[in-house]
Amino acid sequence: MFENRRRVLRSIGAFAATGIAGASGNAFATLSSPDAKGQKLAAKTNPQFVALDKPTAFKDITSYNNFYEFGTDKGDPAEHAGTLRPRPWKVSVEGAIKNPKVYDIDDLLKLAPLEERVYRLRCVEGWSMVIPWIGVSLSELIKRAEPTGNAKYVQFITLADPSQMPGLSTPILEWPYSEGLRMDEAMNPLTLLTVGLYGEVLPNQNGAPVRVIVPWKYGFKSAKSLVKIRFVEKQPPTSWNLYAPSEYGFYSNVNPGVDHPRWSQATERRIGEDGFFAPKRKTLMFNGYGDQVASLYQGMDLKKNF
Ligand SMILES: Nc1nc2c(c(=O)[nH]1)N[C@H]1C(S)=C(S)[C@@H](COP(=O)(O)O)O[C@H]1N2
Ligand SMILES: [Mo]
């Protein structure tokens, strides 16, 4: 009870301080303007999913990014993602399901009442942020898709349009960016189909108009600007695993006990706290979400399945 109350107070405080209409009710979003940039998005805070850490500043969340389709420097996405056209936008939900469907982005926004959730996000590079996302549990979409018995994994496929994404001309990763989850990971209520942050539609550099957020895994599992969600029988190929299979595994759960081959994963730098004297933070198992997800990996060797 005490913990819950603290969370609620914390979330109200956080949103009041940043001017978010956090407690404004379950308004469904309606986005009429084709240029959605900066458009407000109403959502109701879900106190079950509010990290107690202080949210990272909007400016940091939107100017320090990884989105290789727009370049590999942290500042590239904010600088170059203006060419991304997040509307009109369609997302194909397909594969081993009874109800394949091509969603218009505005229909995706109406799947279920939008929720505001404050999640920690930890990049495999060793930095982290705390982000007030807006979205709905991916499970809401999966339930409507009605997976067949052959659906063992979900693959997430990102837009790959060279006319909108200048980074595609550099062959760093296999485009389109591909990621995947096991079915039970995808169904976990934490896994968020994400359409906004800080009370607004997703900025382009954060993966407009829709991405997935998987807070107990390294950031690269959280694919941006999705155009396909595909249900498959075999573990799908993923861009980072293809790039360096010994460094980036399929699971990529945040795990301070399993180092990246080239650096430790025991600690992290919280963006915004990176003054010279700011101590590093200890990285938490499953990024602190063990209560919700540890059971998914019971009996698995997490050093082998990294
Ligand atoms: N399509 C696509 N999705 C992506 C990436 C990318 O390069 N392309 N980078 C990933 C990585 S490494 C991280 S850490 C997060 C960063 O998300 P953010 O910029 O919203 O914090 O996005 C992930 N999703
Ligand atoms: Mo990352």
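The rules we used
Residues numbered from 1 in each chain as written. Chains lettered and ligands numbered in written order. Predicted model: local features only at pLDDT ≥ 70, side-chain atom pairs only at ≥ 80, totals over all residues. Heavy atoms only, no water. Pairing = 2+ DSSP bridges. Helix = DSSP H or I, 4+ residues; strand = E, 2+ residues; numbered from the N terminus. Axes fitted to C-alpha atoms, helices over the stretch in contact; angles between N-to-C directions. Contact = heavy atoms within 4.5 Å. Near = heavy atom within 4 Å. Polar contact = N/O pair within 3.5 Å; in protein donor to acceptor, adjacent residues only side chain to side chain. Nonpolar A, V, L, I, M, F, W, Y, C, P; charged D, E, K, R; others polar. Salt bridge = Lys/Arg side-chain N within 4 Å of Asp/Glu carboxyl O. Buried < 20%, exposed > 50% of the residue type's maximum accessible area, 1.4 Å probe, protein only. pLDDT = per-residue confidence, 0-100. 1 Å grid on protein atoms, 1.4 Å probe; cavity = no way out; pocket = protein on both sides within 12 Å on 5 of 7 lines; lining within 4 Å. Points joined across faces, edges and corners; volume = space filled by probe spheres on them.

Turning to the sheet that holds strand S11 (residues 226-232), a few remarks are in order. If you walk across this open sheet you meet the five strands as S3-S2-S11-S6-S7, and the pairing is mixed. Two strands in the sheet have a free side with no partner beyond their single neighbour: strand S3 (101-104) and strand S7 (178-182). For this sheet, the mean inter-axis angle between neighbouring strands, taken without regard to orientation, is 15°. Sheet strands touched by helix H5 (residues 138-145): strand S2 (90-95), S3, strand S6 (153-158) and S11. Its angle to S11, the strand with the most contacts, is close to 60°.

This brings us to the site of ligand 1. With respect to spatial proximity, 17 residues lie near ligand 1, and among them Asn65, Tyr68, Glu69, Arg211 and Lys224 are the closest. One of the side-chain nitrogen or oxygen atoms of Asn206 is found 2.9 Å away from an oxygen atom of ligand 1. Within the side chain of Arg211, an N or O atom sits 2.6 Å from an oxygen atom of ligand 1. Taken together, the residues of the shell around ligand 1 break down into eight nonpolar, six polar and three charged.

Within the structure shown, the criterion is met by 18 salt bridges. Of the charged contacts, one joins Asp104 and Lys90 as a salt bridge, the two residues approaching to 3.3 Å between their closest N and O atoms. Separated by 14 residues along the polypeptide, Asp104 in strand S3 and Lys90 in strand S2 bring together distant segments of the chain. Of the residues examined, Asp104 reaches a relative accessible area of 22% and is grouped as partly exposed. Note that Arg270 is salt-bridged to Glu268, the shortest N-O span being 3.7 Å. In this structure, Arg270 and Glu268 share a single accessibility class: buried. Salt bridges sharing partners connect three or more residues here, namely Asp53, Arg120, Arg122, Glu268 and Arg270.

This paragraph deals with the confidence of the model for the protein chain. Across the protein chain, pLDDT averages 91, with 88% of residues at or above 70. Counting interchain partners and residues more than four positions distant, the pLDDT-below-50 stretch residues 1-34 has 55 contacts.

What follows deals with the side chain of Arg122. Counting through the fold element by element, Arg122 comes out in strand S4 (residues 115-122). Among the residues examined, Arg122 registers a relative accessible area of 0% and is labelled buried. Reaching out from Arg122, the side chain makes a polar contact with the side chain of Gln265 at a distance of 3.0 Å. There is a polar contact of 3.2 Å between the side chain of Arg122 and the side chain of Glu268. Leaving out residues up to four positions away in the same chain, Arg122 has contacts with Trp127, Ser128, Lys217, Tyr218, Gly219, Val254, Gln265, Thr267, Glu268, Thr283 and Asn287.

On to the side chain of Ser128, then. Here Ser128 is to be found in strand S5 (residues 127-137). Not counting the four nearest positions on each side in its chain, Ser128 is found in contact with Leu121, Arg122, Glu268, Arg269, Arg270 and Ile271.

Quick look at the environment of Thr158 now. For Thr158, the position within the fold is in strand S6. Spatially, the C-alpha atom of Thr158 lies 5.4 Å from that of Val227, the residues being 69 residues apart in sequence. Here Thr158 is in contact with Glu69, Pro176, Tyr177, Ala223, Lys224, Ser225, Leu226 and Val227, once residues within four sequence places are set aside.

Below, the discussion takes up empty space enclosed by the protein. Under the defined criterion, the tally for this structure stands at one cavity of 30 Å³ or more. Along its surface, the largest cavity is lined by Leu108, Leu109, Leu114, Gly135, Val136, Leu193 and Val195. Of all the secondary structure elements, the ones that give two or more residues to the lining of the largest cavity are S5 and strand S8 (192-197).

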